[in-house]
Amino acid sequence: MAFEGLAERLQSTMKKITGKGKVSEQDVKEMTREVRLALLEADVNFKVVKDLIKRIKERAVGQEVMESLTPGQQVIKVVKEELSDLMGGEQSKIAVADRPPTVIMMAGLQGAGKTTTSGKLANHLRKKHNRSPLLVAADVYRPAAIDQLETVGQQLDVPVFSKGTDANPVDIARDALEQAKEEHHDYVIIDTAGRLHVDGDLMAELEQIKAVVDPDEIFLVVDAMTGQDAVNVAESFNEQLELSGVVLTKLDGDTRGGAALSIKAVTGKPIKFAGMGEKLDQLEPFRPESMASRILGMGDVLSLIDKAETNVNEKQAKELEEKMRTMSFTFDDFLEQMGQVKKMGPLEDLMNMIPGANKMKGLKNAQLDEKQLVYVEAIIQSMTKDERQDPGLMNASRKKRIAKGSGTSVSQVNRLLKQFNEMKKMMKQMTSMQKGGKKGKGMNLPFM
Amino acid sequence: MGFMDKLKNRFKQNEDETEDVSQKYKQGMEKTRQSFSVKLNDLIARYRKVDEDFFEELEEVLIAADVGVNTVMDLVDELKMEVKRQNIKDTKEIKDVISEKLVEIYYGDDDEEVEKLNIQEDELSVILVVGVNGVGKTTSIGKLAHQLKQEGKSVMLAAGDTFRAGAIEQLDVWGGRAGVDVIKQGEGSDPAAVIFDGIKAAKSRNADVLICDTAGRLQNKVNLMNELAKVNRVIEREVPGAPHEVLLVLDATTGQNAMSQAKTFSDATDVSGIVLTKLDGTAKGGIVLAIRNELQIPVKFAGLGEGIEDLQAFDAHAFVYGLFADLLEEDAE
């Protein structure tokens, strides 16, 4: 597969290591190689990858990983920390000028999504911040670019300033600013034409517009699918215009979006917003944390660990283990476990967070229907206390009563009883395996 | 005769024909060519010996061109074997092998006719143009219409992007520039209906070629991909043997996601060729090598600028020649 996530990539390496107890430098080298491949496949620029790998290696060879009992997970943790550090925190604020209007200038390559993003920003400012923006059509080159912005303006009911395709973009920007002042708009969003960063004339035009309107924000609009070239593009635009931020578009696609990391690394400028769809309200604050996971192509193991830690009380977990071993696990315990799992979030999300879970037989096709859980809960709650403690009490009339009480059928009750018994057996097997075998093997998740 | 000489000769022989093309490639791909061959030269200058370090750097040069990790690995493995087989020790000798392999990956077992557009004689040919948002579908259609018209074909366009604001107007402007008719309905109308109208009009006016524009769509949007499949079915039903070409437009700036685009669009329609746009920037579009290698989809056109003439028939030799021109000239001295 071309697009394996980091977790899958590391799994084979980890398998070799788990038996060993201690990690050698060679193992770390192998793991960092996998990390490198995963990052490159995600389109992170190779120079950025190189620097990252160097830092990751330093940390990985240190105690943090080598003395850990779960080296694979530690490596992932280190990688994600480094990535998150590089990405910075969430910064979706838009500048406010001391004296309005605040001027925002949009720039980028052709087809990055500047016009759509301009519209989305106007919508965002008006809906979320109660502002009155003016959109400025300064793309006089692409056929029908002005029509496009005007249509977008109509859809949003936001005024659009345009002077047709014969006007000079610098004049358009200047006049638009005048009009905005007269009409008391507090934001001006200038949509410029797409241009190549190596096009000297057109880049000079942007500098002229900048000089005339003195913008408070200059956003580079970048397609999330951009490959290795993202570095060149971002560097050139930043050098010539001194960007204030980046908007990443088309993030609703299936790209890993490594470009985000490259751009942040070479410009140091925050990625402020992400375009998440073609509709004009689909602009979201950029979330560096989830971007890091996405680039790595892994389920969000860390948040799962966090979630498990905060939601599963350690004492309860110990008690549970004891019960599992002695087969004294009851329907009450089952209910409690279900509650804990539910606290961690939607079941499907949880499954996605577990690396390799989608590869496990059975689990892959298992229907993770939240509604089923509601039925299960209802069935158990319709049992008497005695029945919950000792499922052996069940007989036909009790089952009928339970089915009636829970709004289910006897066959559903039967199915749950059967599953419960099988689960008990499985737990017994698992706990004895764990006791005799290796310690600290992964997480002790209930139900697993 | 070395591979580079062969390439050079090829261009010398058909100088008149290919001068224009190679000139375009040279101009359009100036940046691409420079960065790639400077790097390769640099690499070769620094490593006098062909060893592990050399291959590692070579890997990076190719990865920087968006060729894709898997293809690069395969290529480097093959190169290593070739180096062993031919007992190459000097980095200078390896240049030939590298470019030979690149062209080989591109062509595979096919002959060099794969780039030709499938246009029927004496009956309507339908070309469906697809791709994600912002890659340059409408612009490429304008250029292609101009080119076909220059060749003496009567061409019509169908404005199947009824979704994006201004898309119909944009195609209209290009239609005007190329001097061809555009069949359109209002924004928000059913794209399949527009294309159906286009086919009817093209038949009644005896057009040679109908080029159908479609809205940009990200390949993971299932509904939109279904819509595209429907458009494809309408064309299949109305014109036997059509669409004669399904062109996937790819932005050369796109990284590894282009592979996913090629795969998914091929599932919805039968993609027969690629238009690689925006090659006049610094992006190298190396992913087309991987796409060709894995999915056997050839590149048919390259977009090398914003002018109406700036769409060129893709020629892998010219592409590689563009990349390696510096090296070739240097060798000649």
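Only a predicted model underlies this, so the values are computations on that prediction, with no experimental measurement involved.

Notes on the interface of chain A and chain B
- Facing the 38 residues of chain A at the interface are 42 residues of chain B.
- Between chain A and chain B, roughly 3500 Å² of surface is buried when both sides are summed, and carbon and sulfur atoms account for 56% of that area.
- Area buried by chain A at its contact with chain B is led by A:Pro143, A:Met225 and A:Glu278, which between them contribute 17% of it.
- On inspection of chain A and its partner chain B, the count reaches two salt bridges.
- Where chain A meets chain B, there are 19 residue pairs in polar contact (both at pLDDT 80 or more).
- Those elements that place two or more of their residues in the side of chain A that touches chain B are helix H2 (25–41), helix H3 (46–61) and helix H7 (145–156) of chain A.
- For the side of chain A that touches chain B, a count of residues per class yields 14 nonpolar, twelve polar and twelve charged.

A short note on the nonpolar core
- If you look at the biggest cluster of nonpolar residues, it comprises 164 residues, and the most contacted ones within it are A:Phe237, B:Ile127 and B:Ile211.
- When residues in this core are grouped by element, the largest group, eight residues, is from helix H6 (residues 91–107) of chain B.
- If we skip the residues at most four places from it in the chain, A:Phe237 touches A:Ala107, A:Gly108, A:Leu109, A:Arg195, A:His197, A:Met203, A:Leu206, A:Leu220, A:Glu242 and A:Leu243.
- Grouped together as the second largest cluster of nonpolar side chains are 23 residues, A:Ala122, A:Ala137, A:Val152 and A:Tyr187 included.

Looking at the sheet that holds strand E6 (residues 245–249) of chain A
Residues and elements named next belong to chain A.
- Read from one edge to the other, the open sheet built from eight strands follows the order E3-E2-E4-E1-E5-E6-E7-E8, with strand pairing classed as mixed. Edge positions in the open sheet fall to strand E3 (160–161) and strand E8 (283–285), since each of these has one partner strand only.
- Sheet topology note: the strand E5 (residues 217–223)/E6 ladder contains five bridges and is parallel. Each bridged residue has a counterpart across the sheet, and for Val 221 the counterpart in E6 is Val 247.
- Across the face of the sheet, helix H9 (residues 200–213) comes into contact with strand E1 (102–108), strand E4 (187–192) and E5 while running at roughly 175 degrees to E1.

Focus on the confidence of the model for chain B
All names here are of chain B.
- With 78% of its residues at a pLDDT of 70 or more, chain B has an overall mean of 82.
- Segment residues 10–18: pLDDT under 50, and ten contacts once partners within four positions in sequence are set aside and those in other chains are kept.
- Here residues 324–333 is a poorly scored stretch, pLDDT under 50, and it has 20 contacts once near neighbours within four places are set aside; other chains count.
- ipTM for the predicted complex: 0.83, alongside a pTM of 0.76.

What to know about the pairing of strand E7 (residues 271–275) of chain A
All names here are of chain A.
- For E7, a buried count of five out of five residues is recorded, marking the element as mostly surrounded by other parts of the structure.
- Pairing between E6 and E7: three bridges, direction parallel. Within E7, the position partnered with Val 246 by the bridge is Ile 271.
- After leaving E6, the chain enters helix H11 (residues 258–267) and then returns to the sheet as E7, a path that is right-handed.
- Inspection of the sheet shows E7 paired to E8 by three bridges, in the antiparallel sense. Within E8, the position partnered with Phe 273 by the bridge is Pro 285.

Notes on the pairing of strand E2 (residues 155–158) of chain B
Residue and element names in this part refer to chain B.
- Of the two faces of E2, both are covered, the one formed by Val 155 and Leu 157 as well as the one formed by Met 156 and Ala 158.
- Bridging between E2 and strand E4 (residues 209–212) involves four bridges; their strand directions are parallel. Residue pairing in the sheet places Leu 157 in a bridge with Ile 211 of E4.
- Bridge count between E2 and strand E3 (residues 181–183): three bridges; the pairing is parallel. Residue Leu 157 lies in a different strand from E3, and its bridge partner there is Val 182.
- Chirality of the crossover, the property in question, places the unit of E2, helix H8 (residues 167–178) and E3 among those that are right-handed.

Digging into the pattern of salt bridges
All names here are of chain A.
- With the rule as written, the count across this model stands at 27 salt bridges over all chains.
- The partner of Arg 388 in a salt bridge is Asp 332, and the shortest N-O contact between them spans 3.3 Å. Here Asp 332 lies in helix H15 (residues 331–343) and Arg 388 lies in helix H18 (residues 385–389), a separation of 56 residues in the sequence.
- Residue class for Arg 388 comes out buried when judged on its relative accessible area of 16%.
- Overall, the relative accessible area of 27% leaves Asp 332 in the partly exposed class.

Overview of the sheet that holds strand E7 (residues 299–303) of chain B
Residue and element names in this part refer to chain B.
- Reading across from one edge, E3-E2-E4-E1-E5-E6-E7-E8 is the order of the eight strands in this open sheet, with mixed pairing throughout. In this open sheet, the two edge strands, each paired with only one partner strand, are E3 and strand E8 (311–313). The mean inter-strand angle of the sheet, taken between neighbouring strand axes irrespective of direction, is 25 degrees.
- Sheet topology note: the strand E1 (residues 125–130)/E4 ladder contains four bridges and is parallel. Of the residues in E4, the one forming a bridge with Ser 125 is Val 209.

Topic: the UniProt feature "domain: SRP54-type proteins GTP-binding" (unreviewed entry) in chain A
- Those places that UniProt annotates as "domain: SRP54-type proteins GTP-binding" (unreviewed entry) correspond, in this numbering, to residues 270–283 of chain A.
- Note that residues 270–283 of chain A is 0% helix and 43% strand, and that its end C-alpha atoms are spaced 16 Å apart.

Digging into the environment of B:Gly160
Residue and element names in this part refer to chain B.
- With respect to the secondary-structure elements, Gly 160 resides in the loop between E2 and H8.
- For Gly 160, a relative accessible area of 3% corresponds to the buried category.
- Along the backbone, Gly 160 and Glu 187 are 27 residues apart, and their C-alpha atoms lie at a distance of 9.7 Å.
- Those residues in contact with Gly 160, other than ones at most four positions away along the chain, are Pro 191, Val 194, Ile 195, Asp 213, Thr 214 and Ala 215.

Brief notes about the environment of B:Met225
- Structurally, B:Met225 is set in helix H10 (residues 222–238).
- The spacing of B:Met225 and B:Thr269 is 44 residues in sequence and 9.0 Å in space, taken between C-alpha atoms.

Rules used in this analysis
- Residues numbered from 1 in each chain as written.
- Chains lettered and ligands numbered in written order.
- Predicted model: local features only at pLDDT ≥ 70, side-chain atom pairs only at ≥ 80, totals over all residues.
- Heavy atoms only, no water.
- Contact = heavy atoms within 4.5 Å.
- Buried area = accessible area lost by both parts, 1.4 Å probe.
- Salt bridge = Lys/Arg side-chain N within 4 Å of Asp/Glu carboxyl O.
- Polar contact = N/O pair within 3.5 Å; in protein donor to acceptor, adjacent residues only side chain to side chain.
- Helix = DSSP H or I, 4+ residues; strand = E, 2+ residues; numbered from the N terminus.
- Nonpolar A, V, L, I, M, F, W, Y, C, P; charged D, E, K, R; others polar.
- Core = buried A, V, L, I, M, F, W, Y, C linked by side-chain atoms within 4.5 Å.
- Buried < 20%, exposed > 50% of the residue type's maximum accessible area, 1.4 Å probe, protein only.
- Pairing = 2+ DSSP bridges.
- Axes fitted to C-alpha atoms, helices over the stretch in contact; angles between N-to-C directions.
- pLDDT = per-residue confidence, 0-100.
- Right-handed = clockwise from strand over helix to strand, strands pointing away.
- UniProt positions renumbered as here; feature names shortened; annotations may be inferred.

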